[in-house]
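# Analysis of the macromolecular model
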Amino acid sequence: MAESMIADAGRHGADVLLVAGDLSSAALPAELAGSKRLLDRFGRLTLDGRLDAGRYVVARGNHDQPKTGAGYQMCPAVGDTGYNDCVPTVYDLPQGRLTSTRLAGLRIIGLDTTTLNTPGGALDDAQFAELAGILADDPHRPTLVFGHHPVTDASAVSTIAGPAFDLARPDAARLEALYARTPGVFLHHAGHTHRNLRTTSPVASGVDFLEVAATKEYPGGFALLKVYEGGYMANFHKSSSALARQWSQTTSGEYLGLYPAYTLGSAADRNHVASRDFGQLSAVHRHW
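Now for a look at the structure at hand. None of these values were measured; they are calculated from a predicted model.

All right, on to unusual backbone geometry then. Here the bond from Tyr218 into Pro219 is cis, since omega is 0 degrees, no more than 30 degrees from zero. In this fold, Pro219 is placed in the loop between β10 (208-211) and β11 (221-228). In the Ramachandran plot, His192 falls in the positive-phi region, its phi being about 70 degrees despite a non-glycine side chain. With respect to the helices and strands, His192 occurs in the loop between β8 (185-190) and β9 (197-199).

Pasting the structure below:
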């Protein structure tokens, strides 16, 4: 599924690939190394600084959390918690670290919303303070934020596993309040729920909150974001290889055949256009 997604994204002209978490199944070193080998087919990993075409950026998901057990003991310890973190050995991304990159004047910030031992998300004080500082330095800069756990109340109440599966409600509230005073933030992208869903916040009304379905199973694909001087367009594309289509059809039978009703999303969730003034960007018609 990842091979097809990467090939299709390239054929559709994607300049940069954003991966919003779950780089592995269980954060084992071999799994992480395997995922990086796949992503390296798209381009080069970039964690901070300038993005050029043919690069990708990543954030952690709950499957990439620090772990306990014999399979992880060769990885760096997380303080005296008893957990070991294998992600930095492959992606150089310690837990709790955000990333900030730029492409043609567009600011792209990746958040680590993972915890040590729960599937739900959180945003600790240190990372929130760093994010607030970055945004305050240039609040009108066109900014896309991505992280694994969805944010809005509309998402939380409709998540099949319940609100505790999403970003913790207090952390979500202060994040939305931060966005409300940062005019440049226009989109927050999340994964985790394996569905396509576009929601809004009554607090941060100028921000689109977009969940994109998982690559690995039905509907199996990616969202292509095209940025222009006058706004952006987002379209979901199913992975197109024969094996990807076959696996997508097979996995559509999950949850007693109800999986498509939850994960596919409406046409408006998968495809939409938004008007924004991006005239300050140094290049337009960029694809992610």
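Below, the discussion takes up the state of the cysteines. Counted by the stated rule, this structure contains one disulfide. A disulfide bridge connects Cys75 with Cys86, and the sulfur atoms are separated by 2.0 Å. Between Cys75 and Cys86, the disulfide has an S-S torsion of 95 degrees and is therefore right-handed. With a gap of 11 residues between them, Cys75 in the loop between β4 (55-59) and α3 (87-91) and Cys86 in the loop between β4 and α3 connect regions that are remote in the sequence. Neither Cys75 nor Cys86 differs from the other in exposure class; each is buried.

Here the focus is the environment of His12. As for its placement among the helices and strands, His12 is situated in the loop between α1 (2-11) and β1 (16-20). Sequence spacing of His12 and Leu224 is 212 residues, and the spatial spacing of their C-alpha atoms is 8.2 Å.

A few words on the pattern of salt bridges. Tallied over the full model, the rule gives 16 salt bridges. Across the salt bridge formed by Lys36 and Asp40, the nearest N and O atoms sit 3.1 Å from each other. Residue class for Lys36 comes out partly exposed when judged on its relative accessible area of 21%. We note a salt bridge from Asp85 to Arg60, for which the minimum N-O separation is 2.5 Å. Taken together, the residues Asp85 in the loop between β4 and α3 and Arg60 in the loop between β4 and α3 connect sequence positions 25 residues apart. According to the relative accessible area criterion, Asp85 is buried, its value standing at 5%.

Below, the discussion takes up the packing of aromatic side chains. Tallying each qualifying case throughout the model produces four aromatic pairs. Their ring planes at 35 degrees and their centres at 6.2 Å tell us that Tyr179 and Phe209 sit as a pair that is tilted. Here the residue Tyr179 occupies a position in helix α6 (residues 169-180), and Phe209 occupies one in strand β10, the gap between them amounting to 30 residues. The exposure class assigned to Tyr179 is buried, which follows from its relative accessible area of 2%. Among the aromatic residues, ring-to-ring pairing joins Phe186, Tyr232 and Phe278 into one connected group. Directly above the ring of Phe128 sits Arg174, whose terminal nitrogen or CZ lies 4.3 Å from the centroid.

This paragraph deals with the sheet that holds β1. Within the open sheet, the three strands sit side by side as β1-β4-β2. Their pairing is parallel. A single partner strand is all that each edge strand has here, and the edge strands are β1 and β2 (44-45). Pairing analysis gives five bridges linking β1 to β4, with the strands arranged parallel. If you follow Leu17 over to β4, its bridge partner there is Tyr56. Contacts from helix α2 (residues 29-39) reach β1, β2 and β4 within the one sheet, and its direction differs from that of β4 by about 150 degrees.

Rules used in this analysis
- Sequence positions are assigned chain by chain, starting from 1 and proceeding in written order.
- For this predicted model, a pLDDT threshold of at least 70 governs which residues receive local features, and a threshold of 80 or more governs which side-chain atom pairs are given and counted, while totals over whole chains, interfaces and linings are taken from all residues.
- Processing note: side-chain calculations cover all non-hydrogen atoms of the structure and skip hydrogens and water entirely.
- Starting at the N terminus, helices and strands are each numbered in turn, a helix being any DSSP run of H or I of at least four residues and a strand any DSSP run of E of at least two.
- A pair of cysteine sulfur atoms is labelled a disulfide when the two atoms are within 2.5 Å.
- The buried label applies to any residue whose accessible area, calculated with a 1.4 Å probe on protein chains only, is under 20% of its type's maximum; exposed applies above 50%, and partly exposed to all values in between.
- The term salt bridge refers to a pairing of a side-chain nitrogen on Lys or Arg with a carboxyl oxygen on Asp or Glu at a separation within 4 Å.
- Geometry of aromatic contacts follows a simple scheme: Phe, Tyr and Trp rings, the Trp one being its six-membered ring, pair when their centres are within 6.5 Å, and the pair is stacked under 30 degrees between planes, edge-to-face over 60, tilted otherwise.
- When the NZ atom of lysine or the CZ atom of arginine is within 6 Å of a ring's centre and also within 35 degrees of its normal, the charge is said to sit over that ring.
- Here a strand pair is declared whenever DSSP counts at least two bridges between the two strands.
- Contacts are residue-level and defined by heavy atoms, with any inter-residue pair within 4.5 Å sufficient.
- Fitting a line to C-alpha atoms yields each axis, with helices limited to the stretch in contact; the angle taken between N-to-C directions then spans 0 to 180 degrees.

Note that all results are geometric; they support no functional claim without further evidence.
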